[in-house]
Amino acid sequence: MFNRIIAGAALTVAALSGPMSAETLRFSSFEPPVAFLTAKVFPAWAERVAEATNGDVTIEMFPGGTLGRSPAQQLKLVADGVADIAFVVPGYNPGVFPGVTVGELPFVVNSSEAGSKAMWSVYEQGLLEGAFDNYYIVGLFTTTPSSIATVEPVMMPEDTKGMNLRGSSPTLLASIEAIGGVAVGGIAAPTIAESISRGVIEGSFNEWNALKSFRIQEVVNHVLEVPMGTSPLMVVMNKARYEGLSEEARMAIDAVSGAAFAEAFGKAFDEEAGSARAAAIDEGRLSIVNPDQAALDAWRIASAPSIEGWLAEGPGRQALLDAFTAALDE
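Since this is a predicted model, take the numbers as computed values, not measurements.

## Focus: the overall build of the protein
Stage number 1. Secondary structure assignment for the protein yields 12 helices and 11 strands.
Stage number 2. For the protein, the proportion of its 330 residues judged to be buried stands at 54%.
Stage number 3. Here the analysis covers contacts within the protein between residues at least 6 apart in sequence; of these, 79% occur between residues at least 24 apart.
Stage number 4. For the protein, the accessible area works out to roughly 13400 Å², and carbon and sulfur atoms hold 52% of it.
Stage number 5. Taking the average location of the 20 positive side-chain charges in the protein and that of its 39 negative ones, the two points are 5 Å from each other.

As structure tokens, then:
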């Protein structure tokens, strides 16, 4: 794990003498070039890196799966050095970073900013289990909470009985099973809309940015806004590539990554999700339901077994959940 120097880092870097050697780092994303994260958030971080290093380190984006199309392939691209940096969805690589699944639990995270900052906090505390030491961790994040997007209306947990619903990770799949649905995994985000159109699945757990970016909202008719967990996300860098940079470059990258990146990511994600939701409301095609407290309580009770199952997977899970919720409260 790397210790981050946030406060005063810019002054420290500026004080160091000696030129950096120019470096270009390849950033892989499986998302389409127009997707919000790949089009705006990651390039904004790249610009901060260039500014912090006085242009001596530049990030070149490779969107749309240019270096590797599969979301599950991104981590291997970094490990093999095909990409220097990649956008990684840990749910596509189950078992590699099991600690981040705390962010997938239903009714825990309410916003991307809070979830992202809390995720970085528990990482810094050394509470996240996983292969983090094999990589330089640029950032850890969560999305906004996923809603239930379906073809047919869903209002209460019992409405999902027998319904094929897609989840992106074992934890989310467990939540689907807990509420009575048929959990369907192995469907990557870029193919969700097609899978719904072909009748393979009848709905999916996704937040508003994904509903828009992957055109899911075009093939469903109903969105029930129940906070059924987030999708933890990561940006990772090849460790050897990072360690091969000059000390000045590493310090500069540290200064704009970690906690600083978590906050910037979360704020941007929340704002974009709000805009996507507002646009869908204005369009008027979708039935968007914000359930009352009684309905929320029913969903909370129905999904509780997925949290119990998650806690039972390891002796440190309760301590992690407690620390994560404490960080959220901050």
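Let us keep going from here.
## Let's talk about the confidence of the model for the protein
Stage number 1. Overall, the predicted model of the protein reaches an average pLDDT of 93, with 94% of residues at or above 70.
Stage number 2. Confidence drops under pLDDT 50 across residues 1–20; counting only partners more than four residues distant or on other chains, this segment forms 39 contacts.

## Description of the sheet that holds strand β8 (residues 203–206)
Stage number 1. The strand order across the open sheet built from six strands is β7-β6-β8-β5-β9-β11, with neighbouring strands paired in mixed fashion. In this open sheet, the two edge strands, each paired with only one partner strand, are β7 (182–184) and β11 (287–289). Neighbouring strand axes in the sheet, compared pairwise and without regard to direction, differ in orientation by 25° on average.
Stage number 2. Sheet analysis places strand β5 (residues 147–150) next to β8, joined by four bridges and oriented antiparallel. Residue pairing in the sheet places Ala-149 in a bridge with Ser-204 of β8.

## Comments concerning the sheet that holds strand β3 (residues 85–88)
Stage number 1. Pairing is mixed in the open sheet, where five strands are placed in the order β2-β1-β3-β10-β4. The sheet is open, and its two borders are formed by β2 (57–62) and β4 (135–142), each paired with just one other strand. This sheet shows a mean twist of 20° between the axes of neighbouring strands, independent of strand direction.
Stage number 2. Looking at chain direction, β4 and strand β10 (residues 232–238) are connected through seven bridges and run antiparallel. When the bridges of β10 are listed, Leu-140 appears paired with Met-234.

## What to know about the pairing of β2
Residues in a regular strand point their side chains to alternate faces of the sheet.
Stage number 1. Looking at chain direction, strand β1 (residues 23–28) and β2 are connected through six bridges and run parallel. Bridging from a neighbouring strand, Arg-26 pairs with Glu-60 of β2.
Stage number 2. Taken together, β1, helix α2 (residues 36–52) and β2 form a β-α-β motif whose crossover is right-handed.

## Here we look at empty space enclosed by the protein
Stage number 1. Applying the stated criterion across every chain yields a total of two cavities of 30 Å³ or more.
Stage number 2. Volume-wise, the largest cavity comes out at about 270 Å³.
Stage number 3. Taken together, 22 residues line the largest cavity, and the ones lying closest to its centre are Thr-143, Glu-207, Ala-210, Phe-214 and Leu-233.
Stage number 4. Looking at the lining of the largest cavity, the elements with two or more residues in it are α2, β8 and α7 (208–213).
Stage number 5. For the lining of the largest cavity, the leading source of residues is α7, giving three residues.
Stage number 6. Residue composition of the lining of the largest cavity, by class: 12 nonpolar, seven polar and three charged.
Stage number 7. What lines the second largest cavity is Val-89, Gly-91, Glu-104, Ser-168, Ser-169, Leu-172, Thr-230, Ser-231 and Pro-232.
Stage number 8. Tallied by class, residues from the lining of the second largest cavity come to three nonpolar, five polar and one charged.

## Quick word on α2
Stage number 1. Here α2 contains 17 residues, and its C-alpha end-to-end distance of 23 Å stays within 8% of the 24 Å for a straight helix at 1.5 Å per residue.
Stage number 2. The largest bend in α2 amounts to roughly 25° and is located at Pro-43.
Stage number 3. Those residues of α2 not exposed but buried are Phe-36, Leu-37, Thr-38, Val-41, Phe-42, Pro-43, Trp-45, Ala-46 and Val-49.
Stage number 4. Just downstream of α2, Asn-54 is the residue with a positive phi angle, here 55°.

Criteria and thresholds
Residues numbered from 1 in each chain as written. Predicted model: local features only at pLDDT ≥ 70, side-chain atom pairs only at ≥ 80, totals over all residues. Heavy atoms only, no water. Helix = DSSP H or I, 4+ residues; strand = E, 2+ residues; numbered from the N terminus. Buried < 20%, exposed > 50% of the residue type's maximum accessible area, 1.4 Å probe, protein only. Contact = heavy atoms within 4.5 Å. Areas by Shrake-Rupley, 256 points an atom, 1.4 Å probe, with all protein chains shown as cover. Lys, Arg positive; Asp, Glu negative; His and termini not counted. Charge placed at Lys NZ, Arg CZ, Asp CG, Glu CD. pLDDT = per-residue confidence, 0-100. Pairing = 2+ DSSP bridges. Axes fitted to C-alpha atoms, helices over the stretch in contact; angles between N-to-C directions. Right-handed = clockwise from strand over helix to strand, strands pointing away. 1 Å grid on protein atoms, 1.4 Å probe; cavity = no way out; pocket = protein on both sides within 12 Å on 5 of 7 lines; lining within 4 Å. Points joined across faces, edges and corners; volume = space filled by probe spheres on them. Nonpolar A, V, L, I, M, F, W, Y, C, P; charged D, E, K, R; others polar. Expected span 1.5 Å × (residues − 1). Bend = angle between axes of the 7 residues up to and from the residue.

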